There are 2 protein chains.
Amino acid sequence: MLTERQQAIFDFILQFRNRNGCSPSIPEIQRQFDIRSPNGVVGHLHALEAKGYIRRGERGSRQIDLVGHNAASIAEVPLYGSIAAGFPETAETPRAETFLGLDETTLGFRPKNGCFALRVRGDSMKDAGIFDGDMVVVEPTPSPRENQIVAALIDGECTLKRLVRVNGKWFLKAENAAYPALHPRSDLVIQGAVRTVIRRMQ
Amino acid sequence: MLTERQQAIFDFILQFRNRNGCSPSIPEIQRQFDIRSPNGVVGHLHALEAKGYIRRGERGSRQIDLVGHNAASIAEVPLYGSIAAGFPETAETPRAETFLGLDETTLGFRPKNGCFALRVRGDSMKDAGIFDGDMVVVEPTPSPRENQIVAALIDGECTLKRLVRVNGKWFLKAENAAYPALHPRSDLVIQGAVRTVIRRMQ
DNA sequence: CCGTTCGGTGTAAGAATTTACAGTATCATG
DNA sequence: CATGATACTGTAAATTCTTACACCGAACGG
């Protein structure tokens, strides 16, 4: 529970952030509340941090991050074109087409670093409801589970397939009768599992 | 138009802001891009500011405000449950289950006021790639076009159907062979057109 | 060949900010 | 009344960040 003063300062930080896109510095908080010593503010910030309302960087100015009561944490997921020539996150990272801004509610999971999106090309997954032009958000997974749809790198090109296990052996399966191709798992790089599908209409 | 380097730096600022809640300082940008002089970064910031992509405070650290292509244009779209007992936006607006935070890039259109999302129930649109449990973002449209998938109110329940015209007459058509039902348009309230489909996997 | 743009290096001054340390005053509580 | 929590004052050092100035090299267009 916050004291009246702490609440007022928390509210000010919230407002300041919405107006200026960054947190206020300690001197700016001093001026707002007519506090003549930086330490007067620091005490409140420590209290707010101890109570879990804010989080502050080690040292460096304006590093007040609002926790929880936050302005919905939006993840900026890089969207790569349909042909990814390499693993996104290596030296030759392909240039992101753009960024998708989505929150955790929409994504359905908490995006870790390394999460990315791909524009789907082709209809090899059409029976799974993923069509040409769709966007998929891929979460890098060290060990993808059976039956998940994964983004895999085959011959330098990124494709989506369903990961299946037949008689203990792993295969990649297209969800389209016209694409019977199965590839053994060992020869490929699995970039991650598809966690969210986004389709724009018209 | 931004140069490749400028775009990369702009993207980094965007990501940094969404991860840390504040803009990076110049030394932090230096470290990210292995630029050994602060002036190397300052040049880019001046270019970005001149091109209108960012705005900077007079003096003071971490005061990089993103303009236009801003991360601030996140729409909070209310998500209603599968059974909408009334038109969302009337007096008896159903309580939103939650809110989806998405930007214009993800949505594919600029969300006007009145835009909402529905959780899909049933498989009447499965042949259109919309499955049970999916979420659809609906844009209220005064005059929906032919062949658009619309959210319509039938007997107090909200359903998705494709709007088709046969011999000059409007019908609603399910995208599933098991649902042959067609309803004349005049008897229904069309809430809007489906503009985005979002599906979470696993 | 020359000027311009882009993308830097290197250094240093100076401004802004954070942090630390030593106190003070008020109020509620046991 | 003593104690602790809250809410500061005041000062100074340390750190971080911005800005300015001088200069370099490559690529490109005329």
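These figures come from a predicted structure and were not determined experimentally.

A. Examining the pairing of strand S11 (residues 189-200) of chain A more closely. Among the 12 residues that make up S11(A), 10 are buried, leaving the element largely enclosed by the rest of the structure. Judged from the 5 bridges that link them, strand S6 (residues 135-139) of chain A and S11(A) form a sheet pairing that is antiparallel. Looking at the pairing, Val138(A) lines up with Val194(A) of S11(A). Relative to S11(A), strand S7 (residues 149-154) of chain A runs antiparallel, the two sharing 4 bridges. Across the sheet, residue Ala151(A) finds its bridge partner in S11(A), namely Gly192(A). Relative to strand S11 (residues 189-200) of chain B, S11(A) runs antiparallel, the two sharing 5 bridges. Residue pairing for S11(B): Thr196(A) is matched across the bridge by Arg200(B).

B. The arrangement of the confidence of the model for chain A in detail. Residues and elements named next belong to chain A. Mean pLDDT for chain A: 80, with 83% of residues reaching 70 or above. Within chain A, S6 carries the highest mean pLDDT (94), whereas strand S10 (residues 182-184) carries the lowest (66). Segment residues 83-93 is flagged for pLDDT under 50; beyond a separation of four residues in sequence, or across chains, it makes 20 contacts in the model.

C. Region of interest: the interface of chain A and chain B. Opposite the 43 residues of chain A that make contact, chain B presents 49 residues. Between chain A and chain B lies a buried interface of about 3,800 Å² when both sides are counted; carbon and sulfur atoms form 47% of it. Together, Phe99(A), Met201(A) and Gln202(A) form the three largest contributors to the area buried by chain A at its contact with chain B, with a combined 17%. The tally of links from chain A across to chain B stands at 0 salt bridges. Scanning the region where chain A abuts chain B turns up 14 residue pairs in polar contact (both at pLDDT 80 or more). Those elements that provide at least two residues to the side of chain A that touches chain B are helix H1 (4-20), strand S3 (74-80), strand S4 (98-103), helix H4 (104-107) and S11 of chain A. Looking at the side of chain A that touches chain B element by element, the count peaks at 7 residues for S11(A). When the residues that make up the side of chain A that touches chain B are grouped by side-chain class, the tally is 17 nonpolar, 16 polar and 10 charged.

Thresholds, definitions, all that
Residues numbered from 1 in each chain as written. Chains lettered and ligands numbered in written order. Predicted model: local features only at pLDDT ≥ 70, side-chain atom pairs only at ≥ 80, totals over all residues. Heavy atoms only, no water. Buried < 20%, exposed > 50% of the residue type's maximum accessible area, 1.4 Å probe, protein only. Helix = DSSP H or I, 4+ residues; strand = E, 2+ residues; numbered from the N terminus. Pairing = 2+ DSSP bridges. pLDDT = per-residue confidence, 0-100. Contact = heavy atoms within 4.5 Å. Buried area = accessible area lost by both parts, 1.4 Å probe. Salt bridge = Lys/Arg side-chain N within 4 Å of Asp/Glu carboxyl O. Polar contact = N/O pair within 3.5 Å; in protein donor to acceptor, adjacent residues only side chain to side chain. Nonpolar A, V, L, I, M, F, W, Y, C, P; charged D, E, K, R; others polar.

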